[in-house]
Amino acid sequence: MNRIRTLAWAGAAAFASAASAAEVWLEAEDFKRPGAWRVDTQFTHKMGSAYLIAPGVLKPIGAAATEIELPEAGEWTVWARTKDWVPAHHPGRFALSVDGRRAPGELGASGRAGWIWEKAGAFKLAAGAHSIALEDLSGAYARCDALLFTTDASFIPPDDYAETERLRARLAPQPPESEKGPFDVVVVGGGPAGVCAAVAAARNGAKTALVHDRPVLGGNCSDELGVGTDGASNHQPNGRESGLVEEWNLLDPNRGGHRLSAAAALLTGGETNLAVLLNERVTGAVSNADGRIAAVLARNTRTGRRTRVAGRLFVDATGDGWVGYYAGAKYRFGREAQAEFNEPKSHMPEKADALTMSGCLCSYAYEMREAPVAYETPAWADVLPPGFDRPVASLAMPWWLEHPNDLDDLADAEEARDELLRYNFAYWGWLKNKSKLASRAKNAELVSVPIVNGRRESRRLVGDYVLNANDLVAGRVFPDAVCHGGWGLDVHDVLGMKRPVGNGWQGNPIPVTTYSIPFRSLYSANVPNLLMAGRCLSATHLALGSARVGATCAVTGQAAGTAAALCRRYGLTPRELGAQRISELQQTLLKDDQYVPGVLNRDPLDFARDATVDASSASCWQSFHPPNWAPCPKGVENGPNGTKLAVDACAFAVVDGVTRIVGNKAHAWVSSEELPQWISLTFDEPKTISEVRITFDTDLSLPFAEFFPKTLVKDYELEVLADGAWWTVAEETGNARRLRVHRFSPVKADAVRLTVKATHGLPEARVFEIRVY
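Below is a short write-up of the structure.

What counts as what
- Residues numbered from 1 in each chain as written.
- Predicted model: local features only at pLDDT ≥ 70, side-chain atom pairs only at ≥ 80, totals over all residues.
- Heavy atoms only, no water.
- Helix = DSSP H or I, 4+ residues; strand = E, 2+ residues; numbered from the N terminus.
- Rg over C-alpha atoms; globule rule 2.2 N^0.38 Å.
- Buried < 20%, exposed > 50% of the residue type's maximum accessible area, 1.4 Å probe, protein only.
- Contact = heavy atoms within 4.5 Å.
- Areas by Shrake-Rupley, 256 points an atom, 1.4 Å probe, with all protein chains shown as cover.
- Lys, Arg positive; Asp, Glu negative; His and termini not counted.
- Charge placed at Lys NZ, Arg CZ, Asp CG, Glu CD.
- Core = buried A, V, L, I, M, F, W, Y, C linked by side-chain atoms within 4.5 Å.
- Salt bridge = Lys/Arg side-chain N within 4 Å of Asp/Glu carboxyl O.
- Polar contact = N/O pair within 3.5 Å; in protein donor to acceptor, adjacent residues only side chain to side chain.
- Pairing = 2+ DSSP bridges.
- Phe/Tyr/Trp six-rings, centres within 6.5 Å; stacked < 30°, edge-to-face > 60°.
- Lys NZ or Arg CZ within 6 Å of the ring centre and 35° of its normal.
- Disulfide = S-S within 2.5 Å.

### Re the overall build of the chain
Each helix and strand counted, the chain has 15 helices and 37 strands in total. In summary, the chain has a C-alpha radius of gyration of 29 Å against a globular reference of 28 Å for 773 residues, a match within 12%. For the chain, with 773 residues in total, the buried portion stands at 61%. Counting only contacts in the chain whose residues sit at least 6 apart along the sequence, the fraction spanning at least 24 positions is 76%. On the chain, roughly 28,300 Å² of surface is accessible, and the fraction owed to carbon and sulfur atoms is 51%. The centroid of the 82 positive side-chain charges in the chain is displaced by 2 Å from the centroid of its 91 negative side-chain charges.

### Considering the nonpolar core
Counting residues in hydrophobic clusters, the biggest one holds 66 residues, and the most contacted among them are V315, V482, F519, L531 and L585. Counting residues per element, this core draws most heavily on helix 12 (residues 550–570), at 10 residues. Among residues more than four places away in sequence, those in contact with V315 are V185, V186, V187, V188, A197, L531, A533, A560 and A564. If you look at the next biggest cluster of nonpolar residues, it comprises 43 residues, including Y375, A413, F425 and W428.

### Considerations on the side chain of E717
Here E717 shows up in strand 34 (residues 713–722). When sequence neighbours within four positions are dropped, the list of residues in contact with E717 reads T728, A730, E731, R753, L754, T755 and K757.

### Thoughts on the pattern of salt bridges
Evaluation of the coordinates by the stated rule reveals 60 salt bridges. R240 serves as the salt-bridge partner of E246, at 2.6 Å between the closest nitrogen and oxygen. An identical accessibility class is assigned to E246 and R240; each is buried. Note that E247 and R737 form a salt bridge whose closest N and O atoms lie 3.0 Å from each other.

### Quick look at unusual backbone geometry
With the exception of glycine, the majority of residues adopt a negative phi angle, and the majority of peptide bonds are in the trans configuration. Following G181, the chain continues into P182 via a peptide bond in cis, with omega recorded as 10°. Along the polypeptide, P182 turns up in strand 12 (residues 178–188). At L58, a position not held by glycine, the phi torsion is positive, near 65°. Topologically, L58 is positioned in the loop between strand 4 (51–54) and strand 5 (63–70). Here D699, not a glycine, exhibits a phi torsion of approximately 60°, which is positive.

### Things to note about the environment of E445
Within the secondary structure, E445 is located in strand 21 (residues 444–448). On the accessibility criterion, E445 (17% relative accessible area) is buried. Distance in space between the C-alpha atoms of E445 and M368 is 6.2 Å, their sequence separation being 77 residues. When residues no more than four places from it in sequence are discounted, the contact partners of E445 are K59, A365, Y366, E367, R369, V373 and W428. Only 2.8 Å separates the side chain of E445 from the side chain of K59, close enough to count as a polar contact.

### What about the sheet that holds strand 8 (residues 101–102)?
With respect to topology, 4 strands assemble into an open sheet ordered 5-10-7-8, the strand pairing being antiparallel. With one partner strand each, in any of the chains shown, strand 5 and strand 8 form the two edges of the open sheet.

### Description of the packing of aromatic side chains
Within the structure shown, the criterion is met by 24 aromatic pairs. Both rings, one in W25 and one in W117, keep their centres 5.6 Å apart while their planes meet at 70°; by these two values the pair is edge-to-face. Of this pair, W25 sits in strand 2 (residues 22–27) while W117 sits in strand 9 (residues 115–125); the two residues are 92 residues apart in sequence, bridging distant segments of the chain. Each member of the pair W25 and W117 is classed as buried. Taken together, the ring pairs in this structure connect Y364, Y366, F388, W400, Y427, W428 and W430 into an aromatic cluster. Over the ring of Y331 we find R459; its NZ or CZ atom is 5.6 Å from the centre of that ring. A cation over an aromatic ring shows up here: R581 above the ring of Y570, its NZ or CZ 3.7 Å from the ring centre.

### Details of the environment of R93
With respect to the helices and strands, R93 occurs in the loop between strand 6 (74–83) and strand 7 (94–98). On the basis of relative accessible area, R93 is assigned to the partly exposed category, the value being 24%. Expressed as a C-alpha distance, the spacing of R93 and A109, which sit 16 residues apart in the sequence, is 6.0 Å. Setting aside its immediate chain neighbours within four residues, R93 contacts E106, L107, G108, A109, E135, D136, L137, S138 and A142. Of note is the side chain of R93, whose polar atom sits 2.9 Å from the backbone oxygen of H90.

### Considering the state of the cysteines
Scanning the model with the defined rule gives 0 disulfides in all. The thiol of C567 is not disulfide-bonded; the next cysteine sulfur, from C483, is found 16 Å away. A residue is classified by how much of its surface remains accessible, and C567, at 1% relative accessible area, is buried.

What follows is the structure, encoded as structure tokens:
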């Protein structure tokens, strides 16, 4: 929309136009036809609004166009708020046109640092509608924040950020601040951690808001950035994270086997307790006298509208610890001194510093042409050190395409992103012209370099326990464990690509065993109602090298969201919940298919735990490498906890309390004869039941979930035995989930029976767990 204001007073502010001057403010993000220009909303918390950017690959991408309505005829001076993002070279140049007439000179080439106002020109214009265009001249990330039209030729808009904000507020006033809530739980940040936290809280009965500053959910693992949901299974046998992240990976039709398209998954889930607020950047917090957060303050990244989101519990899943920062939470930033936690000297400095791992632009794209394509690194991207020569195996973007770690991407996130742009163009030039793959790359043409920075490290909020590298290497199982991890201690070279040789790591990754993450690392030490999940959990820099990956972030989110819901249910702070009800939290997580090392199903409400297990056939787990199964003999014996077994413990595995292969134990019923095959649970006396939960096998040995894994049960029928007859309560075809929850009208039953009719590939049925409520 056009933001129009006619001034009819003098001296309104130091930067006001002359009396009776007319002014029209046009936000660049309001252009109706942006073309190939993109709206960049990453830095609204630093510069007040989104802006248009032209992400060409050294080729102009054309014009962004719109219309503007002028209130009166006259000579209008036009100003553009621009940035010469490499002042020594002026890479991002563009021109302004009004009604097809181009203003003289180039914008974005001021030679000055930072965002400034540039005079685009003066036009004699009639009252009414006029066409406006921003014409990319260089194909090198030209950018424009806003245009200001004024009939006061002497007026010079202020470059200062605060004054520009006041000018924006005067000429483009926003509606009054709105309020949403109060919610039981407010989750800020919509990456894997935040999405899992929000859905976990909602499914556990809490009225929940998910506040996210991007147009799509998923964070680094979204379709926007495309990072895989890496986790424990990349390094640990059968270690893949389950629970919500597994559910969404299995349901996501676009992920290609390894991405979290969380937005689509949320729509599929139809979460009734969850409100999702997209494009909302949290810019502050309101706290009570006792230090509890009462609300967060958000600003819409597209419209500027401000919203107060009130709540009782808050989860910081921003990755940067913004909610904690605004609320005064204790936090760590950078690398600890080696001696503080006695972490490996090979990876930690003698003295603490403020270095944090660089992010990446994920990722550039290239296309192969029929003939050679010349490429010369532009002068503005000449940033590689002399003698640069890294080992490469393909033309794809390497994960170590990073800026030096002394660049503070919290203080200036845009500068950090821009440095990554320069390194991308520099690397492509080296790859095509100097690397060992130059001959392979001669026909390759760079076609896109993205603008969104996939961040790796920032603030880490301090909890009652700071997870450290020794915990991970030892595979420590905490008494308040709520999730697991298993990625190696993976921290990156502090020099980034300023180091000419090397493999990108700050010391090779240190292997870990499957470890647990304690609940004490997921709530703030000094803000009573604040939990945290994902990259801003309570951990050292080196421990974060493991815990930062997508799937591990997701399970911390599910733990934090579940805990927040229980806090609301019982009127407890997170610390009180950990002290009084940690077992209930752990059991709730297990019930929702989250793996918690060292914790077995001990749910007293689960009738299956005391049932007699029978099956039409069963196979016994014989060995792990390679997997080997053999038929189980029939026979009746007493199982653990006095349970009667109609076959040996192979069938009893569905109630042994573990829902994955651990070590050399399968913890699963596996049939041994041709499908269909059945497994039943018979109660000692009739039970009134209304819910059955079944956990199937989705092959957690794979690093990423396959779409319809061959181990997964496809078609099945669930029956209950009541009044001497079997009654069908659920029948599924084409199942795509690991955890299936079937609810039905209460019935007094003597037994339940699951009949597996088909899988997605294997000849046998595989079931990890059956629960009955």
